[in-house]
Amino acid sequence: MQTMAYPPDVSSMRIDSVQRFNDALSHTQRMAGIGTITASVAHELNTPISIIIATCSNMKYEIEDNNLSAEQLLRYIGMIEQSAWRSARITESLRNYSTDGALETAVTDLNPIIEDALQLVQQQFQGEFNIRVETDLQPKLKSIICDHNRIMQVALNLLINARDAIGAGDGVIRVRTWAIEDDDQFAFGFSVCDNGSGISDESMAQLFNAFYTTKPSGHGTGLGLSISRQIIEQHNGEITAVNNPDKGATFTVKLPAMV
Ligand SMILES: Nc1ncnc2c1ncn2[C@@H]1O[C@H](COP(=O)(O)OP(=O)(O)OP(=O)(O)O)[C@@H](O)[C@H]1O
Ligand SMILES: [Mg+2]
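Residues numbered from 1 in each chain as written. Chains lettered and ligands numbered in written order. Predicted model: local features only at pLDDT ≥ 70, side-chain atom pairs only at ≥ 80, totals over all residues. Heavy atoms only, no water.

Caption draft 1: Structural detail: the packing of helix 4 (residues 148-166) against helix 6 (residues 224-234). Between helix 4 and helix 6, the shortest axis-to-axis distance is 9 Å and the interhelical angle comes to 145°. Crossing of helix 4 over helix 6 shows left-handed handedness. Across the interface between the two elements, Arg150, Ile151, Gln153, Val154, Asn157, Leu158 and Asn161 of helix 4 pack against Gly224, Leu225, Ile227, Ser228, Ile231, Ile232 and Gln234 of helix 6. Looking at the contact of helix 4 with helix 6, its residues break down into 7 nonpolar, 6 polar and 1 charged. (Axes fitted to C-alpha atoms, helices over the stretch in contact; angles between N-to-C directions. Helix = DSSP H or I, 4+ residues; strand = E, 2+ residues; numbered from the N terminus. Left-handed = near helix turned anticlockwise from the far one by under 90°. Contact = heavy atoms within 4.5 Å. Nonpolar A, V, L, I, M, F, W, Y, C, P; charged D, E, K, R; others polar.)

So this is what it looks like as structure tokens:
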């Protein structure tokens, strides 16, 4: 019979498996982030691409019928051009999107970050969900040093959560940016306010926990807010949620001027 000279090092095994779990979790979190962005991009690109396809097919049909005036041709070209520009703007907002762990910081402005996130959802919100998006972006904000794409990902997560909280009813989402005065810790804020279901006491306590979701299976991983909090904490910022006095909820992010 073989005897063991030393007992196995249980403590290091535990650390090993915790490490493996953490690695797997952070991989899943990155994937969930990609999923959110990919789904939005795919959805938003669908409209301009459908317009381009339909317009080309109309043009072919009318050319075959010898029925295409120069005026009509110009109109069709204009529609294709507009849709192609829209597609380019959507893909542009994904530029440099990084899934790597390290922050990629640069001098930027908070408003274009929020506008990029809105760009990815606005068509879907208006068309499919009948949600009105109102913006109140404070003009001429001073520069901020942050990871543009990560902050955009947070804004996108908050917008999609707001959409889901509104559900089938007609909704309004208000997006605001502002400069925070007289505070040593934070310099900028942005908020996403909806008139949806609001947050129950039970959810309020668990919102930011990984895998906490009240959405039907297949509709939410429960990682959106935990990733968002992670990103904001990497920026030494703060993310909070409150129920509105009348209806719905507001998520507020506060960021320092530089990481
Ligand atoms: N604006 C909101 N209004 C009401 N409840 C919200 C709102 N945002 C988040 N929640 C609640 O918090 C839960 C967790 O949100 P989180 O973004 O982390 O995950 P998810 O949206 O369920 O899934 P995922 O973001 O991974 O697709 C949601 O399932 C929902 O119950
Ligand atoms: Mg979410």
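Caption draft 2: How the structure looks around the side chain of histidine 235. For histidine 235, the position within the fold is in the loop between helix 6 and strand 6 (238-243). Given a relative accessible area of 2%, histidine 235 falls into the buried group. A polar contact of 2.9 Å, which involves the side chain of histidine 235, links it to the backbone oxygen of isoleucine 231. Leave out the neighbours within four places in its chain, and histidine 235 touches Leu103, Cys146, Asp147, Arg150, Ile151, Leu255, Pro256 and Val259. (Buried < 20%, exposed > 50% of the residue type's maximum accessible area, 1.4 Å probe, protein only. Polar contact = N/O pair within 3.5 Å; in protein donor to acceptor, adjacent residues only side chain to side chain.)

Caption draft 3: Quick peek at the packing of aromatic side chains. Inspection of every chain in the model, using the stated rule, returns 0 aromatic pairs. Sitting over the face of the ring of tryptophan 178, arginine 176 holds its NZ or CZ atom 4.0 Å from the ring centroid. (Phe/Tyr/Trp six-rings, centres within 6.5 Å; stacked < 30°, edge-to-face > 60°. Lys NZ or Arg CZ within 6 Å of the ring centre and 35° of its normal.)

Caption draft 4: View of the packing of helix 3 (residues 110-127) against helix 4. Where helix 3 meets helix 4, the closest approach of the two axes is 9 Å, and the angle between their N-to-C directions is 40°. Accordingly, the angle class assigned to the pair helix 3 and helix 4 is oblique. For the element pair helix 3 and helix 4, the recorded crossing hand is right-handed. Across the interface between the two elements, Leu110, Pro112, Ile113, Ile114, Asp116, Ala117, Leu118, Leu120, Val121, Gln124 and Phe125 of helix 3 pack against His148, Ile151, Met152, Ala155, Leu156, Leu159, Ile160 and Arg163 of helix 4. Taken together, the residues of the contact of helix 3 with helix 4 sort by class into 15 nonpolar, 2 polar and 2 charged. (Parallel < 35°, antiparallel > 145°, perpendicular 65-115°, else oblique.)

Caption draft 5: Fine view of the pairing of strand 6. Alignment of strand 6 against strand 7 (residues 249-255), held across 6 bridges, turns out to be antiparallel. By the bridge assignment for strand 7, valine 242 is matched with threonine 250. Taken together, strand 6 and the strand that follows it, strand 7, pair antiparallel across an intervening segment of 5 residues, in which glycine 248 is found at a positive phi of about 80°. (Pairing = 2+ DSSP bridges.)

Caption draft 6: Region of the structure containing the pattern of salt bridges. Tallying each qualifying case throughout the model produces 4 salt bridges. A salt bridge links arginine 132 to glutamate 134; the nearest nitrogen and oxygen atoms lie 2.8 Å apart. Residue classification places arginine 132 among the partly exposed residues on the basis of a relative accessible area of 48%. You can call glutamate 134 partly exposed: its relative accessible area is 26%. One network of salt bridges, in which partners are shared, links Arg132, Glu134 and Arg174. (Salt bridge = Lys/Arg side-chain N within 4 Å of Asp/Glu carboxyl O.)

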